[in-house]
Amino acid sequence: MDSLVTDILLNVLMISITFSVILMALIQKIKDLEIINKSYQVWIINLILSFLVGIPFAIVFYDLKLNLAVWVSIFGFIGAPTIYETLKKQNIINYKPKSTSDNKETITISKDNEIKRN
């Protein structure tokens, strides 16, 4: 089994997961810009940022060689959208508690639930 999944591959995958979370957050911030309105633009931005940010990220923070840093970028490019879609399906992103869904700025509490303080 060690010949199929080497320590180097595991390290690169773990670094890629960390980078994918950062890349996902960065892409979400960029998607809020008014000039980004088509899905292919997001795909291109994901591709460019994964290499422009991923390679320096892997080299600076993990002291990886250039060839391994490129793999971190490739896995990050694949992983960031996947993580986003998984979180979106789990309703973690766009979560809004039911108590705040009324858009009221005040909350009314029954007198029966009042906690008396001395």
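What counts as what
Residues numbered from 1 in each chain as written. Predicted model: local features only at pLDDT ≥ 70, side-chain atom pairs only at ≥ 80, totals over all residues. Heavy atoms only, no water. Helix = DSSP H or I, 4+ residues; strand = E, 2+ residues; numbered from the N terminus. Buried < 20%, exposed > 50% of the residue type's maximum accessible area, 1.4 Å probe, protein only. Contact = heavy atoms within 4.5 Å. Areas by Shrake-Rupley, 256 points an atom, 1.4 Å probe, with all protein chains shown as cover. pLDDT = per-residue confidence, 0-100. Phe/Tyr/Trp six-rings, centres within 6.5 Å; stacked < 30°, edge-to-face > 60°. Patch = residues over 30% accessible without salt bridge, like charges linked within 9 Å, V, L, I, M, F, W, Y side chains within 5 Å. Salt bridge = Lys/Arg side-chain N within 4 Å of Asp/Glu carboxyl O. Expected span 1.5 Å × (residues − 1). Bend = angle between axes of the 7 residues up to and from the residue.

## Details of the overall build of the protein chain
Then, number 1: Counting secondary structure elements, the protein chain contains three helices and zero strands.
Then, number 2: Scanning the protein chain from its N terminus toward the C terminus, one meets helices and strands in the order α-α-α.
Then, number 3: The buried share of the protein chain, reckoned over its 118 residues, is 23%.
Then, number 4: Excluding contacts between residues fewer than 6 apart, the proportion of contacts in the protein chain whose partners are at least 24 apart in sequence is 60%.
Then, number 5: Accessible surface, the protein chain as shown: approximately 9,600 Å² in total, 62% of it carbon and sulfur.

## Digging into the confidence of the model for the protein chain
Then, number 1: With 84% of its residues at a pLDDT of 70 or more, the protein chain shows a mean pLDDT of 83.
Then, number 2: Least confident of the elements in the protein chain is helix α3 (residues 66–89), whose mean pLDDT is 85; most confident is helix α2 (residues 39–62), at 93.

## Describing the packing of aromatic side chains
Then, number 1: What the rule picks out here adds up to five aromatic pairs.
Then, number 2: Ring geometry for F19 against F57: centres 5.5 Å apart, planes inclined by 35°, an arrangement best described as tilted. With F19 in helix α1 (residues 7–31) and F57 in helix α2, the pair connects residues that are 38 residues apart, well separated along the chain. For the pair formed by F19 and F57, the shared burial category is buried.
Then, number 3: Between the aromatic rings of F57 and F61, the centroid separation amounts to 5.3 Å while the plane-to-plane angle is 55°, which identifies the pairing as tilted.

## Some words on the side chain of S20
Then, number 1: Inspection of the secondary structure puts S20 in helix α1.
Then, number 2: Sequence-distant contacts of S20, defined by excluding residues within four places in its chain, comprise F75, G76, G79, A80 and I83.

## Let's talk about the side chain of S16
Then, number 1: Along the polypeptide, S16 turns up in helix α1.
Then, number 2: The class of S16 is buried, set by a relative accessible area of 3%.
Then, number 3: Those residues in contact with S16, other than ones at most four positions away along the chain, are W71, V72, F75 and G76.

## Concerning a nonpolar patch on the surface
Then, number 1: Side chains of L4, V5, L9, L10 and L13 sit close together on the surface and give an oily, nonpolar patch of about 390 Å² of accessible area.
Then, number 2: Structurally, V5 is set in the segment before α1.
Then, number 3: Its relative accessible area of 31% is what places V5 among the partly exposed residues.

## Let's talk about α2
Then, number 1: Between its first and last C-alpha, α2 extends 32 Å over 24 residues, near the 34 Å set by a 1.5 Å rise per residue.
Then, number 2: G54 marks where α2 bends most, by close to 25°; the proline P56 follows one to four residues later.
Then, number 3: Considered for burial, the residues of α2 that qualify are V42, I45, N46, L49, S50, G54, I55, F57 and A58.
Then, number 4: Immediately downstream of α2, the backbone of D63 shows phi near 50°, a positive value.

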